[in-house]
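The primary structure of each chain is shown beneath.
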Amino acid sequence: MSLTTNNSIVLLKRTFSLKEQPSLILVLDSLLQTASSSLLSEFKHNNASLNVIYIGFENSINKPHYADHIIKPHQHVTLNDNESTFDNKYLRLIKEIESKITINKQTLLIIDNALYIDSDDLLLLINKLSYKEGEPIPNRTVLTVYHKDNVDFEQFQSKNNFSQMTTLYPSADQILKTESNVILDLNPIIKDNKFVYDEEDLDNNLNKFHIPRGFNNTKRYHVDFTNKRKSGRISTFKFIINSVDHEYIDDTKMLKVDNPFGNNDISEFEGMTTFNLQMTDKQRKAKESVELPFMEAQQFSSGGAIVYEFEKDDDYDEEDPYEDPF
Amino acid sequence: MQQNQDLNVYSNHRILPNVSDKEHCSLYSILYNNGTYPLWLVNKFVNEDSQSAQYKFTVSSFINNNKFMKQNIKQNINSASLDIEYIDLTLGLQATSLSKLIDTKYNHISSKEGRVLILEQPELLISSMEGLTSISLYNDFINKLHNEKFQHIIIISNIDYYNHYINSFIQYQYTTFFQSLQYKSDVVFTVKSLKTGYAKDISGTLSITKGGALDNVKHTNDVKVVENEYFFYVVKDNVVKLFY
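Residues numbered from 1 in each chain as written. Chains lettered and ligands numbered in written order. Predicted model: local features only at pLDDT ≥ 70, side-chain atom pairs only at ≥ 80, totals over all residues.

**Student:** Describe the overall build of chain B, listing the residues and the values that go with them.
**Tutor:** Within chain B one finds seven helices and nine strands. Taken over 244 residues, chain B has a buried fraction of 44%. (Helix = DSSP H or I, 4+ residues; strand = E, 2+ residues; numbered from the N terminus. Buried ≥ 20, exposed ≤ 12 C-beta atoms within 10 Å, placed from the backbone.)

**Student:** For the overall build of chain A, give the residues involved together with the corresponding values.
**Tutor:** Helix and strand counts for chain A stand at nine helices and 11 strands. The burial tally for chain A puts 32% of its 326 residues in the buried class. Look at the contacts in chain A between residues 6 or more apart in sequence, and 64% of them connect residues 24 or more apart. (Contact = placed C-beta atoms within 7 Å.)

**Student:** Please provide a residue-by-residue account of the sheet that holds strand E6 (residues 187-193) of chain B, values included.
**Tutor:** The pairing of strands in a sheet comes from backbone hydrogen bonds and takes either a parallel or an antiparallel form. Residue and element names in this part refer to chain B. Pairing in this open sheet of nine strands is mixed, and the strands run E3-E2-E4-E5-E1-E6-E7-E8-E9 from one edge to the other. Looking at the sheet topology across the chains shown, the edges are occupied by strand E3 (83-88) and strand E9 (239-243). Averaged over all pairs of adjacent strands, the angle between their axes in this sheet comes to 20°, without regard to strand direction. Relative to E9, strand E8 (residues 228-236) runs antiparallel, the two being bridged by five bridges. (Pairing = 2+ DSSP bridges. Axes fitted to C-alpha atoms, helices over the stretch in contact; angles between N-to-C directions.)

**Student:** How would you sum up the sheet that holds strand E9 (residues 221-228) of chain A? Please name residues and give values.
**Tutor:** Residue and element names in this part refer to chain A. The strand order across the open sheet formed by nine strands is E3-E2-E4-E7-E1-E8-E9-E10-E11, and the pairing between neighbours is mixed. With one partner strand each, in any of the chains shown, strand E3 (69-71) and strand E11 (247-250) form the two edges of the open sheet. In this sheet, adjacent strand axes meet at a mean angle of 25° when their direction is disregarded. Examined bridge by bridge, strand E10 (residues 234-242) and E11 share four bridges and lie antiparallel to one another. For Asn-242, the partnering residue across the bridge sits in E11 and is Glu-247.

**Student:** Residue-level account of the interface of chain B and chain A, with values.
**Tutor:** Contact residues are listed per partner, giving 36 residues for chain B and 29 residues for chain A. Of all the elements in the fold, those that place two or more residues in the side of chain B that touches chain A are helix H5 (134-148), helix H6 (169-184), E6, strand E7 (204-210) and helix H7 (216-221) of chain B. When residues in the side of chain B that touches chain A are grouped by element, the largest group, eight residues, is from H6 of chain B. Broken down by class, the residue content of the side of chain B that touches chain A amounts to 12 nonpolar, 17 polar and seven charged. (Nonpolar A, V, L, I, M, F, W, Y, C, P; charged D, E, K, R; others polar.)

**Student:** Give a detailed account of unusual backbone geometry, specifying residues and quantitative values.
**Tutor:** Here Asp-112 of chain A and Asn-113 of chain A are connected by a cis peptide whose omega angle stands at 0°. Tracing the sequence through the fold places Asn-113 of chain A in the loop between strand E4 (107-112) and helix H4 (119-130). In this model, His-246 of chain A sits at a positive phi of 55°, which is unusual for a non-glycine residue. Positionally, His-246 of chain A belongs in the loop between E10 and E11. Although it is not a glycine, His-13 of chain B sits at a positive phi angle of roughly 65°. Of note, His-13 of chain B is situated in the segment before strand E1 (26-32).

**Student:** So what's going on with the confidence of the model for chain B? Which residues, and what values?
**Tutor:** With 94% of its residues at a pLDDT of 70 or more, chain B shows a mean pLDDT of 83. Interface confidence in the predicted complex, given as ipTM, is 0.82; pTM for the same model is 0.78. (pLDDT = per-residue confidence, 0-100.)

**Student:** An account of the pairing of E1 of chain B is needed here, citing residue identities and associated values.
**Tutor:** Residue and element names in this part refer to chain B. E1 sits mainly inside the fold: seven of its seven residues count as buried. Of the two faces of E1, the one lined by Ser-26, Tyr-28, Ile-30 and Tyr-32 and the one lined by Leu-27, Ser-29 and Leu-31 are each fully buried. Relative to E6, E1 runs parallel, the two sharing five bridges. Residue pairing across strands places Tyr-28 opposite Val-187, the latter belonging to E6.

**Student:** I'd like a rundown of the environment of His-108 of chain B, residues and numbers included.
**Tutor:** Take His-108 of chain B: it is sitting in the loop between helix H3 (98-106) and strand E4 (115-120). His-108 of chain B sits 41 residues away from Lys-149 of chain B along the chain, and the two C-alpha atoms are 9.5 Å apart.

**Student:** Which residues make up the nonpolar core, and what are the values?
**Tutor:** Most often, soluble globular proteins have nonpolar side chains that are buried together. Residues Ile-30, Ile-153, Ile-154 and Phe-189 of chain B are the most contacted members of the largest nonpolar core, which totals 63 residues. The leading source of residues in this core is helix H1 (residues 39-48) of chain B, at six residues. The residues contacting Ile-30 of chain B, other than those within four sequence positions of it, are Pro-38, Leu-41, Ile-154, Ile-156, Phe-189 and Val-191 of chain B. One finds Ile-111, Leu-129, Leu-143 and Leu-186 of chain A within the second-largest nonpolar core, a separate group that totals 53 residues. (Core = buried A, V, L, I, M, F, W, Y, C linked by C-beta atoms within 7 Å.)

**Student:** Which residues make up the confidence of the model for chain A, and what values do they have?
**Tutor:** Residues and elements named next belong to chain A. With 82% of its residues at a pLDDT of 70 or more, chain A shows a mean pLDDT of 77. Per-element mean pLDDT across chain A ranges from 53 in helix H6 (residues 164-168) up to 89 in strand E1 (residues 24-29). Here residues 254-263 is a poorly scored stretch, pLDDT under 50, and it has five contacts once near neighbours within four places are set aside; other chains count.

**Student:** Summarise the packing of helix H3 (residues 86-99) of chain A against H4 of chain A; cite the residues concerned and give the values.
**Tutor:** Residues and elements named next belong to chain A. Look at H3 against H4: their axes get within 11 Å of each other, and the N-to-C directions meet at 35°. Of the two elements, H3 crosses H4, and the hand of that crossing is right-handed. Taking contact as the criterion, the partners of Phe-86, Lys-89, Tyr-90, Ile-94 and Ile-97 in H3 are, on H4, Asp-121, Leu-124, Leu-125, Lys-128 and Leu-129. (Left-handed = near helix turned anticlockwise from the far one by under 90°.)

**Student:** Explain the pairing of strand E2 (residues 56-61) of chain B residue by residue, including any values.
**Tutor:** All names here are of chain B. By the criterion of burial, E2 is predominantly enclosed, with five of the six residues buried. Bridging between E2 and E3 involves six bridges; their strand directions are parallel. When the bridges of E3 are listed, Ser-60 appears paired with Ile-87. Sheet topology note: the E2/E4 ladder contains six bridges and is parallel. Counterpart to Lys-56 in the pairing with E4 is Arg-115.

**Student:** Tell me about the packing of H3 of chain B against H5 of chain B, residues and numbers included.
**Tutor:** Residue and element names in this part refer to chain B. Two elements in contact, H3 and H5, have axes whose closest approach is 9 Å; the angle formed by their N-to-C orientations is 35°. The crossing of H3 and H5 is right-handed. Side by side, H3 and H5 meet where Leu-98, Ser-99, Ile-102 and Tyr-106 of the first sit next to Asp-140, Phe-141, Lys-144 and Leu-145 of the second.

Right, dumping it as structure tokens:
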């Protein structure tokens, strides 16, 4: 058990340092726990040689300390005209981004946030940034931030049937969730917050757009880390991350199993039995080291085939046992 | 009568963000409902910050004309002389292009250092300018002012327009405007009236919360936003008491 949890932290750190070279990372955040104030700093922290380029649709004023360059898209993107083609809109931005990239250096492009890009342009933009002539560009990762609480206007449109085109097109978060290799989903730890009573109370406040105190806490927040492997296997881990001291705690195994038999927790029976249920460490070790008989037989290593070994008293039978006797 | 508290935003007892850090620009947002009009809070910013004489304030409003703003945002008689300029934007709602609006109203401002813009209800442009999106309102107006003309911006907005249930294009733009504002802000001031309606000695609550923006100030100077909640009582216009 402890082996797997160690692995998850190693995997998280490898992801932050871009050793796994995922091509697209999706970070989901909300008003109460924004990525720009917390998680995004972990990448630079874990890999100081990283060239981080922050494409600040959301924040185009201050260069964050975890970025090497900031690109202010409003200077390069012309969004006024709905009719203009993709190239008209974004070619200047892409050129500006490429001018900040050094080829041999590992680069992270942060797009904060994806909602500023039309969802039908989004995939193309990400593609143009990460592929060249059909090949993925080495040493490059694109990270997009998506605000979970933002109401998707296209979904609203499709509900109201304003336009047939948009109903058929997947929304930005659907596109990003399927295309990304790594998903980091940020959530505040509501239980820790002493200023809100419970989630319902929080929802009431948020519906009136009153933001309670104690959120956007960089010292302790939840991250659901989803990693998609090339084999197609998807694994999800829960972490508590501290972005001030850059500490990661695996929270996956702390999901308590209520059944006392399920997690071998027998402390609940203490004092209720007339016999001793406890085990000392020495006893436990001894118990674990006992080699049970027939363990080998349970491994099915031969894959279920009948293995027949010819012995000296056996007489060899040429007849085919399955032959039709008539 | 309760003891009067001083307004504190940062852990170094300042209200306004530092001017000496030229690289850092801040965005404050003041959110209020109908019935809690918060110009008294702006007055406190202007008058009660210990170094407010270092700043050049510009007051612009889309709903109130210069005459009204001059009456309501002004320096106290006994404080040091302040540099406050008033730029009327009430007719700005008739503008057809945001860049033209900046050019005609803010053309004379050439350096942004130490400049603070108090901007009242820019979201009204969403209603007045046809087809305007909140993205373009930020990109072409607020971000432009913030990048070129003003080091710090204080946005005053009425959140009665916020609604999570979207039923029109304009409603969607308002909602994303407020959400974006929270993501971009360094400090959010929420002025609420009392849930119970009316009390003799309390008008409402003011809560100061950290916004969604990266706390760059804290990172460089180790000064952080002190989240707090005050009661306030409007004794008379411009005389507002804060207490816990």
